[in-house]
Amino acid sequence: MGCASSIHISDRVVYQSGKESEDSQQTNATPAPGLPIKSNTVKNTFTEVQFGPMKLYEDQLQVLLVFAKEDSQNNGFCWACEKANFRCNVARTPEVALECFLQKHHDLVIIDHRHSRYFDAEALCRSIRAVTSSENTVIVAVVKRPDREEASVMPLINAGFNRRYVENTNMMACYNELLQLEYGEVRAQFKLRACNAIFTVLEQSQEAIEITNEDQVIQPLNDNNKSSSERVQAESQTDIQSSKHKDRRKGSLDVRSTTSRGSDGSSQRRHSSMARIHSMTIEAPITKVINIINAAQESSPMPVAEALDRVLEILRTTELYSPQLGTKEEDPHTNDLVGGLMTDGLRRLSGNEYIFSTKQPHLPSHLTTPLSLNDIPPRVAQTMENEDSWDFDIFNLEAACMKRPLTYLGLKLFSRFGVCEFLSCPEATLRSWLQVIEANYHSTNSYHNSSHAADVLHATAYFLCKERVKQSLDQIDEVAALIAATVHDVDHPGRTNSFLCNAGSELAILYNDTAVLESHHAALAFQITTRDDKCNIFKNMERNEYRTLRQAIIDMVLATEMTKHFEHVNKFVNSINKPLAALEENGGICDEEAVKNILTSPDNRILVKRMLIKCADISNPCRPLELCIEWAGRISEEYFAQTDEEKRQNLPVVMPVFDRNTCSIPKSQISFIDYFITDMFDAWDAFADLPNLMQHLDNNFKYWKGLDDRKLHSLRPPPEAAPLLSLPAGPAPSEAAGPLLSCFCGAPQGVHVSVQHRDITQ
């Protein structure tokens, strides 16, 4: 506020300089209950108080003394009030005291708490606090000098007292106490009243009021939806231009009417709308964070304040969790992987549309005679004997069961986790469901087929058995995780989201180019499940429990979308790993109750489930080397096929490095591990304790790095060079892995790809 304007506050009435309100005059004219102390000799003076840019005028302090009888303590405070030039009233009973306070609204009330036989001082204090106008009143309790132990002040605080005064009849002691109260608690309450008065004026103003700092950054606006009748305008006391050379954090406040900048109707309507927007009480968590940082800047040295300015700039962006490539910009493999997996592609406005129709789900004809867990062929059962091991070979199962691994592995894992019992569904229904879900995976995809779904299901079950995960999740979470893993890529077309968006596919149009595939997987899974009672595993669930399970499944499937990868990982680290680490570092003593609270809070359980399925979904680099190489060949072939099709369809090439004639598979794996895998699995390992996975990851990275150092582009070194390549120590390949087969993906001059003798043309 400028120097020209000032605000006076007296008896809770706000008025302009030199003009006392009629209410104030009437109050002075009407005798109040209680005994006034020489009120005719008290001069009516004001004290000037500087409050930031505001100049306030404080009226004489009004004091109410509540003493049942006149004694030396009562007389000491009466003398002190007279010496300090305070207006003073004395009440002998609680009834008179309350009536007097209702009329005068005293700034300071001193209640005798020494003699309970006369009246209940705490009850009187509570009665005064029940009056709205007592919000800014300071109430003091006069207590006896303790004989032995010092008593707690909590009963006084709970009753509404601000402080206590241990009895001391010395007049100067009483006077000093009043002075400390005047310049301490009473002055603070006076400033608070001034703030409330200002905000009341802003709220009731019929014009939109802007509050800006010295840099003209708009602060809150009042709600202005009334007709404009008067202007409220107060200029900043400090000149804005000159203040730029001062500490930016100590700027003045500029309050002005927005209608002073234009009188046309459209301008006023615009300001009215803005006022309503800024007066909304909805406050997002990020807004609270920004407000906390702004407050911290006020008391911070300049270097810290400038650093916080940079923090605020970052927080105001929309992509808080999307990292910037920085020094990796020169790496085309990293750029293409990030562009292909974490964006929705370039939008084409031409009529060239590639149609992925929202076709009807495929229902296999053999649902009437589903397999039983007891009917699993011995060869298939033998391949699943070690399904509880991380080194389980999904490709052996794929070969043994005629490319139907999801049904067989699903039957065994769902039985182990008691899914049928939880869902109250017969085993026949579960078998039918697994078969129809597997039938809707595309066997023609080299990577996103039912073998990948079975692999993710296996990893999910493995993670669910880890102690920390079991401490965090309930059975409904486990069931949701197993179902989500089973359906997470159902009906995947073997193309990325970016491809579908660029091609203008029906799915991209249906889901507005946002999480297209993940939304389709989740929606189709429930459509398939609920369409036919023979495979409806949710049929017998209670409604609320079904809704909870459904939301958990959908959330986990959507979490596999790579555009939110870093957001999920960072939230997991900041909300779970860091608090757990802080507890463990606290002198080596880990509070079990605090750990349980972190692990089982609803929000953190969601983060654990998201992290679990994300790690299961892209765990290939953490598998044993032979399995890792197989998966790398399959995903590369799928990306090669997409690039081929983009060129045929004249679409933007999302990942140009995945050209089968030039691509370096080792480089692509190194980039994927560096950019997506390492940090995520470091965080997951810190939570779930997975040393075997981290060892495989290290071995596999060294393997790809060895190939890249030798400028090799293929999955394996040429046969004649194989002995020259130093393979990292690790578990021996499975005996059932089969002989190596050298093959070429594409033209003769293309990339040399050496894979296990396994059919990847599913």
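On a predicted model such as this, the values are computed, not experimentally measured, just so you know. (Residues numbered from 1 in each chain as written. Predicted model: local features only at pLDDT ≥ 70, side-chain atom pairs only at ≥ 80, totals over all residues. Heavy atoms only, no water.)

Q: Outline the overall build of the protein, listing residues and values.
A: Secondary structure summary: the protein contains 29 helices and 14 strands in total. Counting across all 762 residues of the protein, residues that qualify as buried make up 50%. Just so you have it, the protein exposes about 36400 Å², and 52% of that area is on carbon and sulfur atoms. (Helix = DSSP H or I, 4+ residues; strand = E, 2+ residues; numbered from the N terminus. Buried < 20%, exposed > 50% of the residue type's maximum accessible area, 1.4 Å probe, protein only. Areas by Shrake-Rupley, 256 points an atom, 1.4 Å probe, with all protein chains shown as cover.)

Q: A description of the state of the cysteines should follow, citing residues and the corresponding values.
A: Per the stated rule, a full pass over the model turns up zero disulfides. You can see Cys 81 has no disulfide; the closest cysteine sulfur is in Cys 88, sitting 3.9 Å from it. (Disulfide = S-S within 2.5 Å.)

Q: Describe the nonpolar core, listing the residues and the values that go with them.
A: Grouped together as the largest cluster of nonpolar side chains are 122 residues, with contacts concentrated most on Leu 423, Phe 463, Trp 684 and Trp 704. Ranked by residues supplied to this core, first place goes to helix 28 (residues 665-688) with 13 residues. Setting aside residues up to four positions removed in sequence, Phe 463 forms contacts with Trp 390, Val 469, Leu 612, Cys 615, Ala 616, Phe 681, Trp 684, Leu 690 and Leu 693. Phe 67, Ala 84, Ala 173 and Leu 181 belong to the second-largest nonpolar core, a separate cluster that totals 24 residues. (Core = buried A, V, L, I, M, F, W, Y, C linked by side-chain atoms within 4.5 Å. Contact = heavy atoms within 4.5 Å.)

Q: Give a detailed account of the packing of helix 22 (residues 516-531) against helix 23 (residues 543-559), specifying residues and quantitative values.
A: Close contact between helix 22 and helix 23 brings their axes to 8 Å; oriented N to C, the two are set at 145 degrees. The chirality of how helix 22 crosses helix 23 is right-handed. When helix 22 is examined against helix 23, the residues Glu 518, Ser 519, His 521, Ala 522, Phe 526 and Thr 530 are found in contact with a partner set consisting of Tyr 546, Arg 550, Ile 553, Ile 554, Val 557 and Leu 558. (Axes fitted to C-alpha atoms, helices over the stretch in contact; angles between N-to-C directions. Left-handed = near helix turned anticlockwise from the far one by under 90°.)

Q: Residue-level account of the pattern of salt bridges, with values.
A: The tally for this structure, following the rule as stated, stands at 26 salt bridges. Two residues, Asp 709 and Lys 705, come together in a salt bridge whose shortest N-O distance is 3.1 Å. Linking Asp 709 with Lys 705, this pair stays in helix 29 (residues 691-709), spanning four residues, or about one helical turn. Connected via shared salt-bridge partners are Asp 71, Asp 112, Arg 114 and Glu 167. (Salt bridge = Lys/Arg side-chain N within 4 Å of Asp/Glu carboxyl O.)

Q: So, a nonpolar patch on the surface: which residues are in play, and what are the values?
A: Together, Trp 79, Met 171 and Met 172 make up an exposed nonpolar region whose accessible area comes to about 260 Å². Of note, Met 171 is situated in helix 6 (residues 171-204). (Patch = residues over 30% accessible without salt bridge, like charges linked within 9 Å, V, L, I, M, F, W, Y side chains within 5 Å.)

Q: Before we move on, could you go through the pairing of strand 9 (residues 138-143) and cite the residues and values that matter?
A: Of all six residues in strand 9, six are buried, a share of seventy percent or more. Residues Val 138, Val 140 and Val 142 point to one face of strand 9 and Ile 139, Ala 141 and Val 143 to the other, with burial holding for every one of them. Where strand 8 (residues 108-112) meets strand 9, five bridges bridge the pair, whose relative direction is parallel. Paired with Leu 108 across the two strands is Val 138, which belongs to strand 9. As a crossover connection, the stretch from strand 8 through helix 4 (residues 121-129) into strand 9 is right-handed. The pairing of strand 9 with strand 10 (residues 163-166) spans four bridges and is parallel. In the strand pairing of strand 10, Val 142 is matched with Tyr 165. Between the parallel pair strand 9 and strand 10, the chain is carried across by helix 5 (residues 154-159), and the sense of this crossover is right-handed. (Pairing = 2+ DSSP bridges. Right-handed = clockwise from strand over helix to strand, strands pointing away.)

Q: How would you summarise the packing of helix 27 (residues 625-648) against helix 29 if you had to cite specific residues and measurements?
A: Two elements in contact, helix 27 and helix 29, have axes whose closest approach is 10 Å; the angle formed by their N-to-C orientations is 55 degrees. When the axis of helix 27 is compared with that of helix 29, the two are oblique. Crossing of helix 27 over helix 29 shows right-handed handedness. Only Asn 700, Tyr 703 and Trp 704 of helix 29 make contact with helix 27, whose side of the interface consists of Leu 625, Cys 628, Ile 629 and Ala 632. A per-class count over the contact of helix 27 with helix 29 returns six nonpolar, one polar and no charged. (Parallel < 35°, antiparallel > 145°, perpendicular 65-115°, else oblique. Nonpolar A, V, L, I, M, F, W, Y, C, P; charged D, E, K, R; others polar.)

Q: An account of the packing of aromatic side chains is requested, with residue identities and associated values reported.
A: Counted by the stated rule, this structure contains 23 aromatic pairs. Their ring planes at 75 degrees and their centres at 5.4 Å tell us that Tyr 447 and Trp 631 sit as a pair that is edge-to-face. One end of the pair, Tyr 447, is in the loop between helix 16 (427-439) and helix 17 (450-464); the other, Trp 631, is in helix 27, and 184 residues separate them in sequence. Across the pair, Trp 631 and Tyr 447 agree in class, each one buried. Cluster of aromatic residues (ring-pair linked, three or more members): Trp 390, Tyr 462, Phe 463, Phe 572, Trp 684 and Phe 687. (Phe/Tyr/Trp six-rings, centres within 6.5 Å; stacked < 30°, edge-to-face > 60°.)

Q: Tell me what's going on with the environment of Leu 473, and back it up with residues and numbers.
A: If you trace the backbone, Leu 473 turns up in the loop between helix 18 (467-472) and helix 19 (475-487). Considering only alpha carbons, one finds Leu 473 and Ser 601, 128 residues apart in sequence, at a separation of 9.9 Å.

Q: I'd like a rundown of the side chain of Glu 638, residues and numbers included.
A: Considering the arrangement of structural elements, one finds Glu 638 in helix 27. Residues contacting Glu 638, with those up to four places away along its chain left out, are Asn 445, Ser 446, Tyr 447, His 448, His 492, Gly 494 and Arg 495.

Q: Help me get a handle on helix 27, residues and values and all.
A: Note on helix geometry: an α-helix contains 3.6 residues per turn, so any two residues three or four positions apart are oriented the same way. Here helix 27 is 24 residues long and its end C-alpha atoms lie 35 Å apart, about the 34 Å a rise of 1.5 Å per residue gives. Extensive coverage of helix 27 is indicated by the burial of 20 of its 24 residues. Phi turns positive one or two residues past the end of helix 27, at Asn 650, with a value near 60 degrees. (Expected span 1.5 Å × (residues − 1).)

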